[in-house]
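# Observations on the model geometry
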Amino acid sequence: MSRSTKGRRPIPPENIYRIDALEKWMRQKRYSASTIHTYLSLLKQFFAFHIPRLWNEITEQDIIDFNYNEIIRKNKAFATHNQFVNALKLFYRLHHDSLVIPENIERPRKVRKLPNVLTKQEVERIIQSTGNLKHRTLLALVYGSGLRIGEALRLEWTDVSRAEKLLYIRQSKGHKDRRVPLSDKQIKMLEDYYRAYRPRKYIFEGQDGGRYAHRSAQQVFKRAAHKAGIRRRVTLHTLRHSYATHLLEAGVGLRYIQDILGHSSPKTTMIYTHVSGKKIGEIKSPLEDLDI
């Protein structure tokens, strides 16, 4: 692990040793590689900020100072703030002989923002504006099965069950497996795409083999959305939000949508009841009953 510095001074070796210990603990608990990388990076930033203080000399006021100077003043995202709190809580639960009580570390107040959602017509325009068969198949698969982009890029041909009309999502968020619906139209697109590209292992592969890059997939969507005339801020994940909202508007129950999306809590899925404009638009205003 590389040592962060503040004014060219290294983080104290004792702090590095404790961070390394956390890394080993997280790996044996099978945390994802991305979570481990994020937590360790944030912890190194935190202890670099407080050089030359040792981990067991840190106080709750030190945490507040770091939050304010390095996260709030630098306008870091809510997710980054929350990840920092997660990392710090985990660190001080593992190394508990300190001045910090993990339960006293406060999380940022969560601001609920409704996700952007595309209409069916907008999704249609985006997919139609994609001339490349590989790119069109990727976007159709993400939207048509409500996938996270990482899930789509990890898909292998053995995960496709044409007989059952299902996609098998392996070890996704929270290390969970699940099955999602696969339509006849998606199956036809996948067959056409396979005949044209002959990918070896992954459904979507880069030019030199291996998984297609996340950044490349985002660029594909960005170009397609712009070409389709979508000017508001949308990302590939917007297709997943749109899929869930369109299922809800079609009368699919929240419990089924929760299973398809792989949400651990129904509260996460409930947000789509606030996004769906169809049901809201059908509500009759009491003004209509007034003789005005």
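Values in this document were obtained by computation on a predicted structure and should not be read as measured data. (Residues numbered from 1 in each chain as written. Predicted model: local features only at pLDDT ≥ 70, side-chain atom pairs only at ≥ 80, totals over all residues. Heavy atoms only, no water.)

### A word on the layout of surface pockets
A volume near 2300 Å³ is recorded for the largest pocket. As for the largest pocket, its lining consists of 47 residues, of which Ala79, Lys110, Arg148, Lys173 and His237 are closest to the centre. Elements with a minimum of two residues in the lining of the largest pocket: helix H2 (33-49), helix H4 (78-94), helix H7 (149-154), helix H10 (236-249) and helix H12 (266-275). Considering only residue class, the lining of the largest pocket consists of eleven nonpolar, 23 polar and 13 charged. Roughly 220 Å³ of volume is contained in the second largest pocket. (1 Å grid on protein atoms, 1.4 Å probe; cavity = no way out; pocket = protein on both sides within 12 Å on 5 of 7 lines; lining within 4 Å. Points joined across faces, edges and corners; volume = space filled by probe spheres on them. Helix = DSSP H or I, 4+ residues; strand = E, 2+ residues; numbered from the N terminus. Nonpolar A, V, L, I, M, F, W, Y, C, P; charged D, E, K, R; others polar.)

### Quick word on the sheet that holds strand E3 (residues 160-161)
Within a sheet, neighbouring strands are paired by backbone hydrogen bonds and run either parallel or antiparallel to one another. Taken together, three strands build an open sheet; the order of strands is E3-E4-E5 and the sheet is antiparallel. At either end of the open sheet lies a strand with only one pairing partner, and these are E3 and strand E5 (178-181). Here two bridges tie E3 to strand E4 (residues 166-169), and the two strands are oriented antiparallel to one another. If you follow valine 160 over to E4, its bridge partner there is leucine 167. (Pairing = 2+ DSSP bridges.)

### Let's talk about the nonpolar core
Judged by nonpolar contacts, the single largest core of 45 residues is most densely connected at Ile126, Leu138, Leu139, Leu167 and Leu239. Contributing elements (two or more residues each) for this core: helix H5 (120-128), helix H6 (133-145), H7, E4, helix H8 (184-197), helix H9 (214-227), H10 and helix H11 (254-261). If near-sequence neighbours (up to four positions away) are discounted, leucine 239 is found in contact with Leu118, Val123, Leu139, Val142, Tyr143 and Phe221. Listed in part, the 28 residues of the second largest apolar core include Ile11, Ile16, Ile51 and Tyr92. (Core = buried A, V, L, I, M, F, W, Y, C linked by side-chain atoms within 4.5 Å. Buried < 20%, exposed > 50% of the residue type's maximum accessible area, 1.4 Å probe, protein only. Contact = heavy atoms within 4.5 Å.)

### Let's talk about H4
Between its terminal C-alpha atoms H4 stretches 25 Å, which fits the 24 Å expected from 17 residues at 1.5 Å a residue. Within the sequence span of H4, burial applies to His81, Phe84, Val85, Ala87, Leu88, Lys89, Leu90, Phe91 and Tyr92. Buried residues in H4 make contact with helix H1 (13-28), H2 and helix H3 (60-72). (Expected span 1.5 Å × (residues − 1).)

### Examining H8
Here H8 is 14 residues long and its end C-alpha atoms lie 20 Å apart, about the 20 Å a rise of 1.5 Å per residue gives. On its buried face, H8 sits against H6, E3 and E5. In the stretch just after H8, arginine 198 is the one whose phi turns positive, near 50°.

### Topic: the side chain of asparagine 67
Position of asparagine 67 among the secondary structure elements: in helix H3. Given a relative accessible area of 11%, asparagine 67 falls into the buried group. A polar contact of 3.3 Å, which involves the side chain of asparagine 67, links it to the side chain of histidine 81. Among residues more than four places away in sequence, those in contact with asparagine 67 are Ile72, His81 and Phe84. (Polar contact = N/O pair within 3.5 Å; in protein donor to acceptor, adjacent residues only side chain to side chain.)

### Notes on the pairing of E5
Of the two faces of E5, the one lined by Arg178 and Val180 is fully buried and the one lined by Arg179 and Pro181 carries no buried residue. Pairing of E4 with E5, which is carried by four bridges, proceeds in the antiparallel orientation. Note that in E5 the partner of leucine 167 across the bridge is valine 180.

### Observations regarding the packing of H6 against H10
Where H6 meets H10, the axes come as close as 7 Å, and the angle between the chain directions of the two elements is 40°. With respect to H10, the element H6 is oriented oblique. From H6, Leu139, Val142, Tyr143, Gly144 and Ser145 reach across to H10, where they touch Leu236, Leu239, Ser242, Tyr243 and His246. Considered class by class, the residues forming the contact of H6 with H10 number six nonpolar, four polar and no charged. (Axes fitted to C-alpha atoms, helices over the stretch in contact; angles between N-to-C directions. Parallel < 35°, antiparallel > 145°, perpendicular 65-115°, else oblique.)

### A look at unusual backbone geometry
That bond from isoleucine 51 to proline 52 is cis: its omega, 10°, falls within 30 degrees of zero. By secondary structure assignment, the location of proline 52 is in the loop between H2 and H3. Unusually for a residue other than glycine, lysine 165 sits at a positive phi of about 60°. Its place among the elements puts lysine 165 in the loop between E3 and E4. A relative accessible area of 38% places lysine 165 in the partly exposed class.

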